[in-house]
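Chain by chain, the residues run as shown.
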Amino acid sequence: MVKTLVIIKPDAVKSKHIGDIISIYENNGLSIENMKMMYANEELLKKHYEEHIDKSFYPSLVEFMLSGKIVVMEIMGEDAVDKVREINGVTDSTKAEKGTVRNLYGSDIQKNAVHGSADIIDANRELNIWFK
Ligand code: IDP
Ligand code: MG
């Protein structure tokens, strides 16, 4: 059993798909271990997205992530990190495989409905940021 971090982003919260998205994880055998709804802030986002700080899309990404409430979840299960990434689909919603969360509820490469940790090291790092 491993743990991973999922964030339901402001686009999917605004479009009222929190329940739909949580159901997809649960129906795939994953468990919601902890969950909270909140506004992000620049300090948390800077830590969370540290690998992207120098990218050209970073300011716009921060603006998007601050544009509404988010739902932050600790999700547990066998192979949960990779399973969530598979369920979420690729970063660009327009290229995400049919039936994935990003295909169903995302709009583009930025407004892509959900975040899922990249690997186990990142999952632990991110869980410590959002649930410390
Ligand atoms: P991931 O969320 O699939 O792991 P990352 O490359 O880690 O994708 O990027 C983090 C987030 O930054 C993405 O989920 C997306 O919201 C945003 N993003 C990534 N690449 C771009 C881009 O080229 N333009 C605008 N936003 C981007
Ligand atoms: Mg990433």
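Residues numbered from 1 in each chain as written. Chains lettered and ligands numbered in written order. Predicted model: local features only at pLDDT ≥ 70, side-chain atom pairs only at ≥ 80, totals over all residues. Heavy atoms only, no water.

**Remarks on the overall build of the protein chain**
Helices and strands together make up the secondary structure of the protein chain, namely 7 helices and 4 strands. Taken along the three principal axes of its C-alpha coordinates, the protein chain extends 35 × 30 × 25 Å. Counting only residues that meet the buried cut, the protein chain has 47% of its 132 residues in that class. Considering only contacts within the protein chain whose residues lie at least 6 apart along the sequence, 74% involve residues at least 24 apart. Carbon and sulfur atoms provide 49% of the accessible area of the protein chain, an area that totals close to 7,100 Å². (Helix = DSSP H or I, 4+ residues; strand = E, 2+ residues; numbered from the N terminus. Buried < 20%, exposed > 50% of the residue type's maximum accessible area, 1.4 Å probe, protein only. Contact = heavy atoms within 4.5 Å. Areas by Shrake-Rupley, 256 points an atom, 1.4 Å probe, with all protein chains shown as cover.)

**Let's talk about the pattern of salt bridges**
Inspection of every chain in the model, using the stated rule, returns 7 salt bridges. The residue glutamate 74 makes a salt bridge to lysine 3 at a minimum N-O spacing of 3.3 Å. With a gap of 71 residues between them, glutamate 74 in strand S3 (residues 70–77) and lysine 3 in strand S1 (residues 2–8) connect regions that are remote in the sequence. Residue glutamate 74 is classed as buried on the basis of its relative accessible area of 12%. With a shortest N-O distance of 3.8 Å, lysine 47 and glutamate 43 are connected by a salt bridge. Of the two residues, lysine 47 and glutamate 43 are both situated in helix H3 (residues 42–48); the distance of 4 residues between them amounts to about one turn of the helix. (Salt bridge = Lys/Arg side-chain N within 4 Å of Asp/Glu carboxyl O.)

**Side note on the site of ligand 1**
Every residue close to ligand 1 is listed here: Lys9, Tyr49, His52, Phe57, Leu61, Arg85, Thr91, Arg102, Ile109, Gln110 and Asn112. Note that an oxygen atom of ligand 1 is positioned 2.9 Å from one of the side-chain N or O atoms of arginine 85. In this structure, an oxygen atom belonging to ligand 1 sits 2.6 Å away from a side-chain N or O atom of threonine 91. Look at ligand 1: alone it shows 530 Å² of surface, and the protein chains cover 79% of it. (Near = heavy atom within 4 Å. Polar contact = N/O pair within 3.5 Å; in protein donor to acceptor, adjacent residues only side chain to side chain.)

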